[in-house]
Amino acid sequence: MALPQTPAVIPWWRNRRLLPWLLQAAVALVVLLVVAFLLGNLIRNLTAAGLLLTWRWLGQPAGFNIGESTIPFDAALPYWRALLAGLANTLRAVVCGLIGATLLGTMAGMANFSSNGLLRGLVRGYVEVVRNIPLLLQLVFWYFVVFLALPNGAAALQLPGLTLAKSGLYLAGFGPGWEWAGPTLVNGVWQAPLRLSVEFGALLCGLVVYSGAYIAEVVRAGIAAVPEGQWEAASSLGLGWLASVRHVVLPQALRVIVPGLNTQYISLAKNSSLAVAVGYPDLYAVAETTLNQTGRAVEMVILLLAAYLVLDLLISAVMNGLNRLVQIRER
Amino acid sequence: MAPSSPTPASPAAALAGRLRRDLFATPTDGLITLVLLGVIGGALTGLLRWAFGRADWAVIRLNSTLFAVGRYPLAQQWRLWLLLALFCGAAGLSWGLLRSQPRPDRQGRLWPPADRWACGLIVALALWTPWALELSASIQLRWAGLAALLLALRWLAGRLGQALSPRQGSWALRSLALLWPALYLIGMELISGGIGLARVPSSDWGGLLLTLLQASFAILLCFPLGVALALGRRSDLPLLRWGSVLYIEFVRGAPLITLLFLGQNILGFLLPGGLAPERVWRAAWVLTFFAAAYLAEAVRSGLAAVPKGQREAARSLGLGPLQTLRHVVLPQALRVALPVMVSQFISLLQDTTLLSLIGLLELLGTARAVMANPAFLGDYGEVYLTLAVLFWGCCTALGLGSRALEHRLDPRHTASAR
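Notes on the structure in this doc start here. (Residues numbered from 1 in each chain as written. Chains lettered and ligands numbered in written order. Predicted model: local features only at pLDDT ≥ 70, side-chain atom pairs only at ≥ 80, totals over all residues. Heavy atoms only, no water.)

1. Focus: the pairing of strand 3 (residues 168-171) of chain A
Residues and elements named next belong to chain A. Of the strand pairs in this sheet, strand 2 (residues 162-165) and strand 3 are connected by 4 bridges, and their pairing is antiparallel. Paired with Ala165 across the two strands is Gly168, which belongs to strand 3. Between strand 2 and strand 3, which pair antiparallel in sequence order, lie 2 residues. The sheet contact formed by strand 3 and strand 8 (residues 194-196) spans 3 bridges and is antiparallel. Note that in strand 8 the partner of Leu169 across the bridge is Leu196. (Pairing = 2+ DSSP bridges. Helix = DSSP H or I, 4+ residues; strand = E, 2+ residues; numbered from the N terminus.)

In structure tokens, the structure reads:
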């Protein structure tokens, strides 16, 4: 078969070495033009509105109060303190949420391997229901339907060491003189060493139940990845169920679980920004109030994005460290 | 491994045996079962007693139009009915044609059992929902008509599909792929008006209509964008790769609500005055760009799963890089990525609820607005439960559909059945 003669000079539009560079140059040019166009508009519009980028307003007094704060705050303090208080609230919700969701998710994930069919069915149902309903809907459900329907005063729901009332959640703990004290009713008002707001309670329940379902799936997949023979080998060594899980299955399952957990932890941290729907003053809620007062939209967006990015990176760094610990060490 | 009984037992005895094995194998299991039965029974009776006793469902009944279409002008609502009728017609056609085409595992049966169940469900929903909502007789009639149209076209298309030759059949399936985008364009025209129809401003769109519009817009547009980003991320060209990585990681690092915040508050500054889109469209574009970053990761995992030999084989056949991508790599990659992509679409549908936080009146926003009305103050349980059931139904249906499609596209399955 006669092949067509290859032309001595390859035309430039078929040159395999030149084309990639032309393509990249064209993409870079388009991106640069778009960015220049947008930035030019931004600067022109901000100048016209008298809102050119500055951070001096952060030092002005905020003038608004925050419903509850992990660090001390009042309206006379500057904006940056308000945003810091919001960040602290976010961190509190995220840390509590991570612990709760991990506990719930691990238990639910392990329950998939129970010999009890009803328990397995219940866990499957939990995962299927929770994952197919938007988190925001679940949060407002917890807040408006569950927590705001709680009775107040003497009628409040009382469990050992814990009282649930419309005015807040009261937990037993160490009092001011380091003595153990439970919730007590004083003149119709509950008092306890530890009081959590119902807003925080609703956010926490929502995050824990939602993320718990996803973590349950991660844990289930991790345990399912351990070969059946490992369970059999463990039981042939005379190990009980708990000892098999503890010494044989879990160390192997963790290698699969930890990277999945990383993803779930980061989305829990990001999801905590939905707190604004239930009135918990997290970073996003405070930022929204600040924007309404100052009109500093660009600065607020930069701060918000930076804060969540740092939070994500922090979680990722910790989880990657953990991942290195649980991986098989090969010679 | 489940032990199999040596002799075939009667169904009742088999059921009893299974129950004993599943629920009461050991004393601990029995205890767990009893406790769980108590808890589930208590919760269920409490819920039923609330739903049929104390709950006041008038809030749903009286606001059903608001939940469905928001403040869409009454005089123009015939356009939405027309769109719904077109949609039901197209769905019936597609369903019938797809089912009737002979495939290895199903010889083009007109009514497989699963379809009978689906039909029953459709008829039941079309008759029960308007009745339960106490809608007027004319609207009940319209619902029944829509269901009849859907099923009639499904039957007709099924019969037609069986009569077609294989070549005509594949031609029919290909024209289906054109029918849907065309329907989308017609739908947008019907909803917003403009050419020959009175304009309905996007600020009047609301409820389920707005939720579905936002979700479908973002799903359609994020797909090409996501595929492009995934290809960029796996490209050999450093500039494209790093640009894609930067975009994907930046968007995935931020909560959606901060991006919506960015869209609502900054977009006006970024574009010359007057060019910035309306609030509804700003949100739609933010959702699209957000979803594209997540979709890109799903597609990237699919691309990574295509064996290198496939590319080499395509090259040795003389296909160019673009042809290899189009005919060899992408079809395989997208099939692998399908389950993850569908779960991304499901979470996108759920994410539309966040629009209520920036003041748009989609389903959840409508719910908040309804409950600000003193007449319905405190009806949180009824409204939120209804929305939860609605979202759960849509998302579960999407998930089941994706599982069926995955099964259908699985080459191992098709090969073994042949």
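After presenting the structure, the write-up continues.
2. A closer look at the interface of chain A and chain B
Contacts between chain A and chain B engage 51 residues on the former and 51 residues on the latter. Buried area between chain A and chain B, both sides added, is near 4,500 Å², and the carbon and sulfur share of it is 73%. Applying the counting criterion to the chain A and chain B interface returns 0 salt bridges. Put simply, chain A and chain B have 13 residue pairs in polar contact (both at pLDDT 80 or more) between them. Every element with two or more residues in the side of chain A that touches chain B is listed here: helix 1 (18-49), helix 3 (117-131), helix 4 (135-147), helix 8 (283-294) and helix 9 (297-326) of chain A. It is helix 1 of chain A that contributes the most residues to the side of chain A that touches chain B, 12 residues altogether. In the side of chain A that touches chain B, the residues fall into 36 nonpolar, 8 polar and 7 charged. (Contact = heavy atoms within 4.5 Å. Buried area = accessible area lost by both parts, 1.4 Å probe. Salt bridge = Lys/Arg side-chain N within 4 Å of Asp/Glu carboxyl O. Polar contact = N/O pair within 3.5 Å; in protein donor to acceptor, adjacent residues only side chain to side chain. Nonpolar A, V, L, I, M, F, W, Y, C, P; charged D, E, K, R; others polar.)

3. Brief notes about helix 12 (residues 279-305) of chain B
The first and last C-alpha atoms of helix 12 of chain B sit 40 Å apart over 27 residues, in line with the 39 Å expected at 1.5 Å per residue. Counting buried residues along helix 12 of chain B, 19 of its 27 residues qualify, which places the element largely inside the surrounding structure. (Expected span 1.5 Å × (residues − 1). Buried < 20%, exposed > 50% of the residue type's maximum accessible area, 1.4 Å probe, protein only.)

4. What about the packing of helix 4 of chain A against helix 5 (residues 198-224) of chain A?
Residue and element names in this part refer to chain A. Look at helix 4 against helix 5: their axes get within 9 Å of each other, and the N-to-C directions meet at 135°. In terms of their interaxial angle, helix 4 and helix 5 are classed as oblique. Crossing of helix 4 over helix 5 shows right-handed handedness. Taking contact as the criterion, the partners of Leu135, Gln138, Leu139, Trp142, Tyr143 and Phe147 in helix 4 are, on helix 5, Val198, Glu199, Gly201, Ala202, Leu203, Cys205, Gly206, Leu207, Val209 and Tyr210. (Axes fitted to C-alpha atoms, helices over the stretch in contact; angles between N-to-C directions. Parallel < 35°, antiparallel > 145°, perpendicular 65-115°, else oblique. Left-handed = near helix turned anticlockwise from the far one by under 90°.)

5. Topic: the pattern of salt bridges
Residue and element names in this part refer to chain A. On inspection of all chains with the given rule, the structure shows 10 salt bridges over all chains. Its salt-bridge partner being Arg296, residue Glu299 comes within 3.2 Å of it at the nearest N-O pair. Residue Glu299 is classed as buried on the basis of its relative accessible area, which comes to 1%. Each of Arg124, Glu128, Glu217 and Arg220 takes part in a single network of salt bridges with overlapping partners.

6. Focus on the sheet that holds strand 2 of chain A
All names here are of chain A. With respect to topology, 4 strands assemble into an open sheet ordered 1-2-3-8, the strand pairing being antiparallel. Strands at the two margins of the open sheet, each flanked by one partner only, are strand 1 (157-159) and strand 8. The average undirected angle you get between the axes of adjacent strands in this sheet is 15°. With 3 bridges joining them, strand 1 and strand 2 adopt antiparallel strand pairing.

7. Here's the deal with a nonpolar patch on the surface
Residues and elements named next belong to chain A. On the surface, Trp12, Trp13, Leu18, Leu19 and Leu22 cluster together into a nonpolar patch covering about 520 Å² of accessible area. Following the sequence through the fold, Trp12 ends up in the segment before helix 1. With a relative accessible area of 53%, Trp12 lands in the exposed category. (Patch = residues over 30% accessible without salt bridge, like charges linked within 9 Å, V, L, I, M, F, W, Y side chains within 5 Å. Areas by Shrake-Rupley, 256 points an atom, 1.4 Å probe, with all protein chains shown as cover.)

8. Brief notes about the environment of B:Asp115
Residues and elements named next belong to chain B. Locating Asp115 in the fold gives a position in helix 6 (residues 113-132). As a C-alpha pair, Asp115 and Arg99 span 16 residues in sequence and 9.2 Å in three-dimensional space. Ignoring any residue separated from it by four or fewer positions in sequence, one finds Asp115 in contact with Trp95, Arg99 and Arg154.

9. Looking at the packing of aromatic side chains
With the rule as written, the count across this model stands at 20 aromatic pairs over all chains. Seen in terms of ring centroids, A:Tyr143 and A:Phe144 are 5.0 Å apart; in terms of plane orientation they differ by 70°. Their pairing is edge-to-face. Each member of the aromatic cluster is reached from another via a ring pair, and the members are B:Trp205, B:Phe217, B:Trp281, B:Trp285 and B:Phe289. Over the ring of A:Trp80 we find A:Arg81, and its NZ or CZ is 5.9 Å from the ring centre. (Phe/Tyr/Trp six-rings, centres within 6.5 Å; stacked < 30°, edge-to-face > 60°. Lys NZ or Arg CZ within 6 Å of the ring centre and 35° of its normal.)

10. Comments concerning the environment of B:Val299
Residues and elements named next belong to chain B. With respect to the helices and strands, the residue Val299 is situated in helix 12. When its relative accessible area of 0% is taken as the criterion, Val299 is described as buried. Sequence separation of Val299 and Gly17 is 282 residues, and the distance between their C-alpha atoms is 46 Å. Residues within four places of Val299 in sequence aside, it is in contact with Val227, Ala230, Leu334, Ala337 and Met341.

11. Quick look at the packing of helix 15 (residues 363-371) of chain B against helix 16 (residues 380-409) of chain B
Residues and elements named next belong to chain B. Axis separation between helix 15 and helix 16 bottoms out at 11 Å; the angle between their running directions is 170°. When the interaxial angle is binned, helix 15 and helix 16 end up roughly antiparallel. Contacts between helix 15 and helix 16 involve Leu363, Leu364, Ala367, Arg368 and Met371 from the former and Tyr380, Val383, Tyr384, Leu387, Leu390 and Phe391 from the latter. When grouped by side-chain class, the residues that make up the contact of helix 15 with helix 16 number 10 nonpolar, no polar and 1 charged.

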